[in-house]
Amino acid sequence: MSIGIVIADDHKIVREGLRAMLEKQSDFEVLGEAENGRAIIHVCMQLKPQVVIMDIAMPDLNGIEATHQLLRDLPDVCVIGLSMHFDKRYISKMLQAGARGYLRKACASEDVVRAIRTVTQGKYYIGDGTSSITIKDKDQYLKNNPPLDLTVLTPKEKEILQLIAEGNLTKEIAFQLNLSTKTVEKHRYNIMEKLNMHNIADLTKFAIMEGLTTLER
């Protein structure tokens with residue numbers, strides 16, 4: 001029986017490269033692709049894959065939040081985070097969101113294949129491109145490597161913070177999230193109060209530091 005896979009990355013060349021590599025495995029089937037966090041949730045709801053390779057730094061909705069939202073509706077999907085960075089705080093945040101693996105983009109194709117096979121067996125896999133580990137106790141890993149501290153913000157506030165940091169105006173955020181401009185302004189006020197920050201520059205720096213978005217955006 002083949003393993004159904006969906007790829008989420010905002011760079012088409014990365015998606016194409018992953019697809020070409022994965023389709024060399026006789027028991028892998030790439031069911032679809034998406035270029036941002038919101039799209040991947042929609043695609044997965046339609047295609048019901050077993051595995052999602054999830055880029056962490058995507059526009060509109062980053063991979064950490066997309067993982068969290070996706071697994072609320074499809075808890076059996078195995079998510080593998082993919083990032084240019086190998087920061088234990090990011091790894092822990094992905095695991096906390098429900099991901100079962102994390103790979104650095106510099107890893108070899110063999111690592112991706114091994115990660116997919118590992119997570120579909122109920123284990124956790126982390127690879128940085130030069131070495132890899134299989135985690136047996138996720139809770140112990142999280143205890144030793146605390147995740148990013150964004151617990152003061154609600155999921156909606158995290159979404160809006162990312163969109164603010166990516167340069168979207170209030171009207172644009174309202175349109176994307178199907179909210180009124182007054183609601184977005186209220187959320188922005190609450191974010192600033194909770195974080196004790198009072199300008200967009202500080203919010204942007206915080207969002208980048210905490211992995212909600214990157215300078216690439």
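Right, let's walk through the structure included here. Just so we're clear, the structure is a prediction, and the values are computed from it rather than from any experiment.

Points about the nonpolar core
(1) Moving on: Counting residues in each nonpolar core, the largest one holds 31 residues, and the members touching the most others are I40, V52, M54, L70, V79 and L95.
(2) Moving on: When residues of this core are traced back to their parent elements, those giving at least two are β1 (3-8), α2 (37-47), β3 (51-55), α3 (63-73), α4 (88-97), β6 (124-127) and α6 (138-144).
(3) Moving on: The contacts of V79, once residues within four sequence positions are left out, are V52, M54, T67, L70, L71, M94, A99, R100 and G101.
(4) Moving on: Among the nonpolar cores identified, the runner-up in size contains 21 residues, and I7, L22, I53 and Y125 belong to it.

So, the pairing of strand β5 (residues 101-104)
(1) Moving on: Bridge count between strand β4 (residues 78-83) and β5: four bridges; the pairing is parallel. Its bridge partner being in β5, I80 is matched across the sheet by G101.
(2) Moving on: Traced from β4 through α4 to β5, the parallel crossover comes out right-handed.
(3) Moving on: Here three bridges tie β5 to β6, and the two strands are oriented parallel to one another. Residue pairing in the sheet places L103 in a bridge with G127 of β6.

Notes on the side chain of T118
(1) Moving on: Take T118: it is sitting in helix α5 (residues 109-119).
(2) Moving on: When its relative accessible area of 10% is taken as the criterion, T118 is described as buried.
(3) Moving on: Beyond its immediate chain neighbours, meaning those up to four positions away, T118 contacts K123, Y124, Y125 and T134.

Observations regarding the sheet that holds β3
Hydrogen bonding along the main chain pairs the strands of a sheet, whether they run parallel or antiparallel.
(1) Moving on: Across the sheet, seven strands lie side by side as β2-β1-β3-β4-β5-β6-β7; this open sheet has mixed pairing. Whereas interior strands pair on both sides, the edge strands pair on one side only; in this sheet they are β2 (28-34) and β7 (132-135). Each adjacent strand pair in this sheet contributes to an overall mean axis angle of 20°, direction not counted.
(2) Moving on: In this structure, β3 lies alongside β4, joined through five bridges in parallel fashion. By the bridge assignment for β4, M54 is matched with G81.
(3) Moving on: The sheet strands contacting α5 are β1, β2, β3, β4, β5, β6 and β7, and the helix crosses β6 at an angle near 165°.

Some words on the pairing of β2
(1) Moving on: Bridge count for β1 against β2 is six bridges, and the pairing is parallel. Across the sheet, residue I5 finds its bridge partner in β2, namely V30.
(2) Moving on: In this fold, β1 hands off to helix α1 (residues 12-22), which returns the chain to β2; that crossover is right-handed.

Cut-offs used in this document
Residues numbered from 1 in each chain as written. Predicted model: local features only at pLDDT ≥ 70, side-chain atom pairs only at ≥ 80, totals over all residues. Heavy atoms only, no water. Core = buried A, V, L, I, M, F, W, Y, C linked by side-chain atoms within 4.5 Å. Buried < 20%, exposed > 50% of the residue type's maximum accessible area, 1.4 Å probe, protein only. Helix = DSSP H or I, 4+ residues; strand = E, 2+ residues; numbered from the N terminus. Contact = heavy atoms within 4.5 Å. Pairing = 2+ DSSP bridges. Right-handed = clockwise from strand over helix to strand, strands pointing away. Axes fitted to C-alpha atoms, helices over the stretch in contact; angles between N-to-C directions.

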